[in-house]
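# Tertiary structure, described
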4 protein chains.
Amino acid sequence: MHVAPLDPERDRAILDATMELLSEVGFDRMTVDQIAKRAKASKATIYRRWAGKPELVVDVICRRFDMDLPPGEDTGSLRGDLAALFRGLCESVERKHTLVIGLSSTLVSNQELARTLRAHMPAKDLGEVGALLERAVERGELAGPVDPGRLFGVAKALVWHRMIFTGPPIGEPFVAESVDGVLMPLVRAWAG
Amino acid sequence: MHVAPLDPERDRAILDATMELLSEVGFDRMTVDQIAKRAKASKATIYRRWAGKPELVVDVICRRFDMDLPPGEDTGSLRGDLAALFRGLCESVERKHTLVIGLSSTLVSNQELARTLRAHMPAKDLGEVGALLERAVERGELAGPVDPGRLFGVAKALVWHRMIFTGPPIGEPFVAESVDGVLMPLVRAWAG
Amino acid sequence: MHVAPLDPERDRAILDATMELLSEVGFDRMTVDQIAKRAKASKATIYRRWAGKPELVVDVICRRFDMDLPPGEDTGSLRGDLAALFRGLCESVERKHTLVIGLSSTLVSNQELARTLRAHMPAKDLGEVGALLERAVERGELAGPVDPGRLFGVAKALVWHRMIFTGPPIGEPFVAESVDGVLMPLVRAWAG
Amino acid sequence: MHVAPLDPERDRAILDATMELLSEVGFDRMTVDQIAKRAKASKATIYRRWAGKPELVVDVICRRFDMDLPPGEDTGSLRGDLAALFRGLCESVERKHTLVIGLSSTLVSNQELARTLRAHMPAKDLGEVGALLERAVERGELAGPVDPGRLFGVAKALVWHRMIFTGPPIGEPFVAESVDGVLMPLVRAWAG
DNA sequence: AGTTAAGCGAGACGGTACGTCTCGTCTTCGT
DNA sequence: ACGAAGACGAGACGTACCGTCTCGCTTAACT
């Protein structure tokens, strides 16, 4: 007996619509009807694939939520490399923050979702940051080695704080202020 | 003729219950019946005061959301003062973070709420931080003046980032790491 | 020590307002707040006097609604007198059946109230009916004396049954059918 | 396009639950939420079918409450047959008078509903009464034929009047008084 | 004249039920 | 398998009314 396979094209349309809506209105205010409508699908098609709304959202996170930053080019100076890194981080967070925020209140009372999300969060290759710092040492811009994790942690904190309490868009002034006012003084201090 | 005023005691009970529930389950999952039950009030009493759930929550934010830190004592050293400040900030954020998170997804699609919340966020008397820094200059721990707003901004960013992505409780190790690893190097760098 | 008596003026205002509203909107749609407002009284003043809405309305019926039938004229024949009596009864019941029906569900579970109402229901001076029957005996239309209470009881039953299960208005055909079909045969049989 | 029809299985569950609750707690104390809960239905499902509680109850009465009197046995005498009939009527009315009374105030302002209910009220097979009367004629107890509808109408009036203004229980004295004092004289008079 | 217990209008209050609505999920049709 | 449509359970929403309570004010004996 022939069994028609579930059309992968429909999967994508539904996942896309779900991610958009998650960002726009959050988990609770997002309805399955909205998803169906935006994906030009019927609710039956959704329920044929996923057991329910939470399962769909978990799948969205697993498949679509990659915080990869673009590889940082060598700009020739620590200041430039740091600014490029920070700018990339801003863009990445800007793209995902509404999704994270949309999910956040649900996470408090939904451990399953919280675990899944956390498992897909780090994603950033710290080697990138390490390389950036080593280049600076070689150039003589830094007196000694610096822990890349610590630096990236502060950078993330600055970006998320800005995003949550001021909201997008993030402009160049914020990048300059953060790099010149915080990150540069900090790495210099850490380097010795 | 006497006109019975709305009992302020009821206001408080309702606002308290609302704030608790906001923290526990978030805006969307919080129901008016839950609020009424917890406040030992009837729904009529709530609707006599506020036009609906959103209006009530806006009021909660306006009246109850004060991030006042306890006054920072002089501990005799910059490091001690900074640690005390940071610890107070952690406690304050720890108290409010579930509320903010509970509201956050709503804020995305509710500008009214977002604006109100933001207007009531700073609340921190920066004079406190300023005094702390001046004491350090007088003691000779810092070479020059430092912008208290900038320092407080970084501190807030660290605390909120930690709270959102790791969650409570915040322990002494995080305080030590933040003060010694970030704040102290930074103020020293800024002070010249 | 002085004890202030309940002001009878307030009684009247409340009873008046109640009667007006009863005829304007009926028992169910009339609220105690409306009564209070119209009587320029407070609900406390009402509840100080009556245990509830049904009790108040029963009192209204008792005091304001005496089921006085118009005095039955001598029409010259038993049939005519009976028809006049029955017609008067119909009108009387038609005027207040809505009230009694509105109360009925309360009466079922409140025997006290039911008894009170019942005590004021007949209101009809049975002497009237007795006189009617005596005239018939004198005229030679009846062979002997008849219990007026029994006759009136059957008449009431016919009218109320009709009112409840068919509703107003009551027309002349019903009067004729009742008098000729039931009451006349019955009194003749009773008279021996 | 397909249109899902209302599931008749749900109809039954709701009607059953309603009838149970009606007999357990009565019309007034029965809430729509209780019905929904017991029928494992949602209120929406109920309100999709009926406009409100009264309409639902009328439907219950119409579908589930046929006023069938127990078949009247031949007791050997007109007086005995009449008494048996009247007793059966009393029991039947006693069983459902609370229901009708609970509805009565709604019926006053809802002619549509009143008509529906009325159409399902008699339900009594008048053939029964007719047979009873014919037996009496055959026995020689009655001089001629009698209209069974007219007799039954008077009987109903007596019972309902008693029920509404005196309430249950109805005892044997009332039966005796009604049969001997009203019904017997009446049929004899009608029979000529 | 002053005291004082009560009545009074106003209206807030807790409670309960209502009828409406939205939403997640399931089911059926016709393509 | 898919879209369209909509029934269903669950349960929140905002409204209405009930009967109770508290508030300040007034009234009319009794001091």
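These numbers come from a predicted model, not from an experiment. (Residues numbered from 1 in each chain as written. Chains lettered and ligands numbered in written order. Predicted model: local features only at pLDDT ≥ 70, side-chain atom pairs only at ≥ 80, totals over all residues. Heavy atoms only, no water.)

### Observations concerning the protein's contact with DNA strand F
Surveying the vicinity of DNA strand F reveals 46 residues, the closest of which are Thr45(A), Val32(B), Tyr47(B), Tyr47(C) and Arg10(D). Between Arg10(A) and DNA strand F, the recorded distance is 3.0 Å, taken from a side-chain N or O atom to a phosphate oxygen. A distance of 3.1 Å separates a phosphate oxygen of DNA strand F from a polar backbone atom of Lys40(A). Every element with two or more residues in the surface near DNA strand F is listed here: α3 (43-49) of chain A, α2 (32-38) and α3 (43-49) of chain B, α3 (43-49) of chain C together with α3 (43-49) of chain D. (Near = heavy atom within 4 Å. Polar contact = N/O pair within 3.5 Å; in protein donor to acceptor, adjacent residues only side chain to side chain. Helix = DSSP H or I, 4+ residues; strand = E, 2+ residues; numbered from the N terminus.)

### Description of the relation of the copies chain A and chain B
Note on the copies: chain A fits chain B at an RMSD of 0.6 Å, the axial shift is 0.2 Å, and the rotation between them is 177°. Such a turn and shift between the copies fits a two-fold axis. With an isologous cut-off of 70% or more, the 88% of interface residues of chain A that recur at the interface of chain B puts this contact in the isologous class. (Least-squares fit on C-alpha atoms with pLDDT ≥ 70 in both. Contact = heavy atoms within 4.5 Å.)

### Quick notes on the packing of helix α5 (residues 78-108) of chain C against helix α9 (residues 172-190) of chain C
Residue and element names in this part refer to chain C. Two elements in contact, α5 and α9, have axes whose closest approach is 10 Å; the angle formed by their N-to-C orientations is 125°. Looking at the two axes, α5 sits oblique to α9. As α5 packs across α9, the resulting crossing turns out to be right-handed. For the pair α5 and α9, the contacting residues are Leu78, Arg79, Leu82, Ala83, Phe86, Arg87 and Cys90 in the first and Glu172, Phe174, Val175, Ala176, Ser178, Val179, Asp180, Leu183, Met184 and Val187 in the second. Across the contact of α5 with α9, the residue classes break down as 12 nonpolar, 1 polar and 4 charged. (Axes fitted to C-alpha atoms, helices over the stretch in contact; angles between N-to-C directions. Parallel < 35°, antiparallel > 145°, perpendicular 65-115°, else oblique. Left-handed = near helix turned anticlockwise from the far one by under 90°. Nonpolar A, V, L, I, M, F, W, Y, C, P; charged D, E, K, R; others polar.)

### A look at the domain arrangement of chain A
All names here are of chain A. Segmenting chain A into domains produces domain 1 (8-64) and domain 2 (78-191). Listed per partner, the contact involves 12 residues of domain 1 and 12 residues of domain 2. For the pair domain 1 and domain 2, the summed buried area comes to about 1000 Å², and 71% of that belongs to carbon and sulfur atoms. Here domain 1 is connected to domain 2 by 0 salt bridges. Inspection of the domain 1/domain 2 interface yields 0 residue pairs in polar contact (both at pLDDT 80 or more). (Domains from an automatic or database assignment. Buried area = accessible area lost by both parts, 1.4 Å probe. Salt bridge = Lys/Arg side-chain N within 4 Å of Asp/Glu carboxyl O.)

### Quick look at the relation of the copies chain C and chain D
With an RMSD of 0.6 Å, chain C superimposes on chain D once it is rotated by 178° and translated 0.4 Å along the axis. Residue by residue, 93% of the interface of chain C is reproduced at the interface of chain D, so both copies engage with the same surface.

### Focus: the interface of chain C and chain D
Chain C puts 28 residues into the contact, and the matching count from chain D is 28 residues. If you sort the residues of chain C by the area they bury against chain D, Arg118(C), His161(C) and Phe165(C) come out on top, with a joint share of 22%. Where chain C meets chain D, there are 2 salt bridges. We note a salt bridge from Glu177(D) to Arg150(C), for which the minimum N-O separation is 3.4 Å.

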